[in-house]
Amino acid sequence: MHAGPTTPHQAVETLAQFDTASGSLLERAVFNHRKAVMLACAVITVLLGVLAATKLTLSASFEKMIPRSHPYIQNYLAQRVELRGLGNALRIVVENPNGDIYDPKYQATLRKIHDEVFLTPGVDRAWVKSLWAPGVRWTEVTEEGFRGGPVMPDNYDASPAATEQLRANIARAGIVGSLVGNDFKSSMLVVPLLDTDAGTNQRLDYRKLSHAIEQIRTRVEADGSARVHVIGFAKLVGDLIDGLMQVALYFGLAAAIATAIIWLYTRCVRSTALVMACSLVAVVWQLGLVAALGFELDPYSILVPFLVFAIGVSHGAQKMNGIMQDIAHGAHKLVAARYTFRRLFLAGLTALLADAVGFAVLMVIDIDVIKDLALTASLGVGVLIFTNLILLPVLLSYVGVSPSAAARTLHAESEAAQNTGFNRLFGVLARFVERRWAMGAVLASAALLAGGYAVSTQLKIGDLDPGAPELRADSRYNRDNAYITGKYSLSSDTFAVIVKTEKEGCLKYQTLVEADRLAWTLQQVPGVQTTAALTNAVRQITAGSNEGAPKWLTIARNQDVLNYGAQQASVNNPDLFNGDCSVMPVIAYLADHRAETLDRVVVASSEFAAAHSTTERQFLLAAGSAGIEAATNIVVRKAWVQMLLLVYGAVIVLCFITFRSWRAVVVAVVPLVITSVLCEALMVALGIGVKVATLPVIALGVGIGIDYALYLLSVQLAQQRAGVSLAQAYRGALQFTGKVVVLVGVTLAAGVATWVLSPIKFQADMGVLLAFMFVWNMVGAVVLIPALSYFLLPSGRTPSVVEPALAV
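Caption draft 1: Structural context of the environment of Ala226. Among the secondary structure elements, Ala226 is positioned in the loop between helix H6 (206-222) and strand S7 (227-232). Between the alpha carbons of Ala226 and Ala515 there is a distance of 41 Å; along the sequence they are 289 residues apart. If we ignore the near neighbours within four places in the chain, the residues touching Ala226 are Val94, Glu95, Pro97, Thr109, Val220 and Glu221.

Below is the structure:
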């Protein structure tokens, strides 16, 4: 949206009457060399288009989606090599729908799946667990001492005897509920993943891995002998990327809707086509620059082209509107283009700076995917300066608008049209400068603000639903997660506290006692199912070494007894501590990963760590999927407040520079504040928490939404300064920019509303929230600006305004 002068230029009907040396240096450079400008833009479009088509990739990285500088994440990354299986892992459950796991046909299928998964690139093979993994073992105490071996008998041949042996080994191994379903109808493969593909030394391709698992699933389920359920970060990202492949369809739908809206406003095919074309060129430039700089598109930054396109259409619509008005009053199309450029370039530049503010503040969030989103969006806003503020007026100077569109513009300004269409609406809106209407609007807004704030206090940080909230509840991934959660006692939501000591330090009596106390402390936290640590294994082995006597089910003070217990534990559970016994995890299995559960576990763990860490042993938070998510929630909670302060601070500064009046700043910013609070209340009503996906919404809504107030007030204040009354000034602002304000609000909302169709839930959530903010920012601007102006900017108290629309 852009403002323009409050009075039209004197129409110049022929080029001979126009002074080509008039205007700013930039205007003369652009319009006196139009062919060079178009040629340069065409060359850039081709080059960046080729880059976007050949170099741009769609991917996602585990590390880019976590706050790497947070102490919890740094602790995890520093010990990641020692903590295999506590980071990025797949869990594959193979179900027998026609029997139980002892069915020979099922075991043959399970073995084949195990072998295929084991050989899949990117799998950390040494740590794979399943019934067919030799590292999954059983142990028992006999009169002769300990006996043990792999759960899968060495001589398994599917005979009744071998099957009974397998049944006994599973019982003795104590893996029911962890690797074997509680109903014995399924078993699990735990598949830790490497960060890089050892064969190619390239970063692990999650989409390729997900497709490999899907191929295995398809083959297995083809004959109905088994069902496969898969969960884990890699599978989630693979499903997200597959869902993103449909984004092109929604982009096309958004473009079609925007085209229809613009055409209905102008009824001019040629100018509507140019607006759409220049906005698409902006998207091509943005994607090409992303590829040229070596970035990738991920599930978050894939949404940026939607925003760039929608913003481009809104700016292009105003350019087209200005040229249409001048041509309607008799100006030549080149002269009209220059007049429009002269009036609107700096206003458009100011608007794009306001948009950039909303993106730029996202850079403070310590999560790489959000930083990438902010950078790619800033690139998109930058290219709009060239494609929609420069290239579009140049193209329109050749094409112009249709005579019928110009005639419609004149008719809209005629006396006969004053009580129809937009003019009737503007007549109602103009009444908000009257005392009664202004008071009613302010009181109603205050009531909305109070009610919205009361509801927004219930806004939660983090995930509020089980499963993967990034996907819809009925997605295959979430159905798989529901099955696994229902059939297994130990969830995939693990929170690990890292116990770090000197070499061999984790075998010391005092260290084991402290770790055992930590495990007991975590068990008392609501939401914790159980805990696992080296202390459990040592206690059981100590009792087993003494004929299973219950009094020996303890941690002995004798170091030789502890050493023996740890040595035996490492055979069956090598992931309980690292090679030199300097790192061991205490793992809590959580009932869910909701924010409340994670907060309770973090508080209990951090308080224990603060009270019990010494120079000899340190309790470090946190590893495991829930530990990483807890760190992310902490960063998001801090960033939420920080982001709001920064975006509003930047917008207030921008408005103050523009208006030089605190009263005008209040008038401009109050509608944004109300919309932000109502958006938070809407998040509560829809059950949406503040997380990585929803964090950018408020910043984007405020950064783009300030445009409405910026340009309505620019025109209104300029007219008031010229001595016009508030009522006449606001009516003039509505006539000049009001149509485009409404048009842009609808266009922006329509552009993001198409995201609601996405199979990716966080995209749908962002679409709903952004559409809500765009519409309500528009409504708030056209209703509250006159109402607040009645009290703060009445006639006779008009600030001196630095008006970007006129400063050429």
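Back to the text.
Caption draft 2: Quick peek at the packing of helix H9 (residues 269-292) against helix H10 (residues 304-328). Where H9 meets H10, the axes come as close as 8 Å, and the angle between the chain directions of the two elements is 145°. Considering how the two elements wind past one another, H9 and H10 form a crossing that is right-handed. Side by side, H9 and H10 meet where Ser271, Thr272, Val275, Met276, Ser279, Leu280, Ala282, Val283, Gln286 and Leu287 of the first sit next to Val304, Pro305, Val308, Phe309, Gly312, Val313, Gly316, Ala317 and Met320 of the second. The class makeup of the residues in the contact of H9 with H10 is 13 nonpolar, six polar and no charged.

Caption draft 3: Quick peek at the sheet that holds strand S1 (residues 89-95). Here three strands make up an open sheet; going across it, the order is S4-S1-S7 and the pairing antiparallel. In this open sheet, the two edge strands, each paired with only one partner strand, are strand S4 (186-192) and S7. Along the sheet, successive strands turn relative to each other by an average axial angle of 20°, direction set aside. Together, S1 and S7 form the strand contacts of helix H7 (residues 233-244), whose direction differs from that of S7 by roughly 95°.

Caption draft 4: The state of the cysteines, seen in detail. Throughout the structure, instances matching the rule amount to one disulfide. A sulfur-sulfur distance of 1.7 Å marks the disulfide that ties Cys506 to Cys581. The sign of the S-S torsion, about -85°, decides the handedness of the disulfide formed by Cys506 and Cys581: left-handed. Taken together, the residues Cys506 in the loop between strand S8 (494-501) and helix H17 (509-523) and Cys581 in the loop between helix H19 (559-572) and strand S10 (583-590) connect sequence positions 75 residues apart. Cys679 supplies the cysteine sulfur nearest to Cys655, a cysteine that is in no disulfide, at a spacing of 19 Å. Note on Cys655: relative accessible area 0%, which makes it buried.

Caption draft 5: Just the pairing of S4, in detail. When you tally the buried positions in S4, you get seven out of seven residues, the bulk of the element. Taking every second residue as pointing to the same face, both faces of S4 are buried, with Ser186, Met188, Val190 and Pro192 on one and Ser187, Leu189 and Val191 on the other. Sheet topology note: the S1/S4 ladder contains seven bridges and is antiparallel. Its bridge partner being in S4, Ile92 is matched across the sheet by Leu189.

Caption draft 6: View of the packing of aromatic side chains. Counted by the stated rule, this structure contains nine aromatic pairs. Seen from their ring centres, Tyr206 and Phe233 are 5.5 Å apart, and the 85° between their planes marks the pair as edge-to-face. Here Tyr206, found in helix H6, pairs with Phe233, found in helix H7; they are 27 residues apart in sequence, far enough to count as distant. A residue is classified by how much of its surface remains accessible, and Tyr206, at 5% relative accessible area, is buried. A residue is classified by how much of its surface remains accessible, and Phe233, at 18% relative accessible area, is buried. Members of the aromatic cluster, joined through ring pairs, are Phe31, Phe341 and Phe345. The side chain of Arg167 reaches across the aromatic face of Tyr102, ending 4.1 Å from its centre. Over the ring of Trp263 we find Arg267, and its NZ or CZ is 5.2 Å from the ring centre.

What counts and what doesn't
- Residues numbered from 1 in each chain as written.
- Predicted model: local features only at pLDDT ≥ 70, side-chain atom pairs only at ≥ 80, totals over all residues.
- Heavy atoms only, no water.
- Helix = DSSP H or I, 4+ residues; strand = E, 2+ residues; numbered from the N terminus.
- Contact = heavy atoms within 4.5 Å.
- Axes fitted to C-alpha atoms, helices over the stretch in contact; angles between N-to-C directions.
- Left-handed = near helix turned anticlockwise from the far one by under 90°.
- Nonpolar A, V, L, I, M, F, W, Y, C, P; charged D, E, K, R; others polar.
- Pairing = 2+ DSSP bridges.
- Disulfide = S-S within 2.5 Å.
- Buried < 20%, exposed > 50% of the residue type's maximum accessible area, 1.4 Å probe, protein only.
- Phe/Tyr/Trp six-rings, centres within 6.5 Å; stacked < 30°, edge-to-face > 60°.
- Lys NZ or Arg CZ within 6 Å of the ring centre and 35° of its normal.

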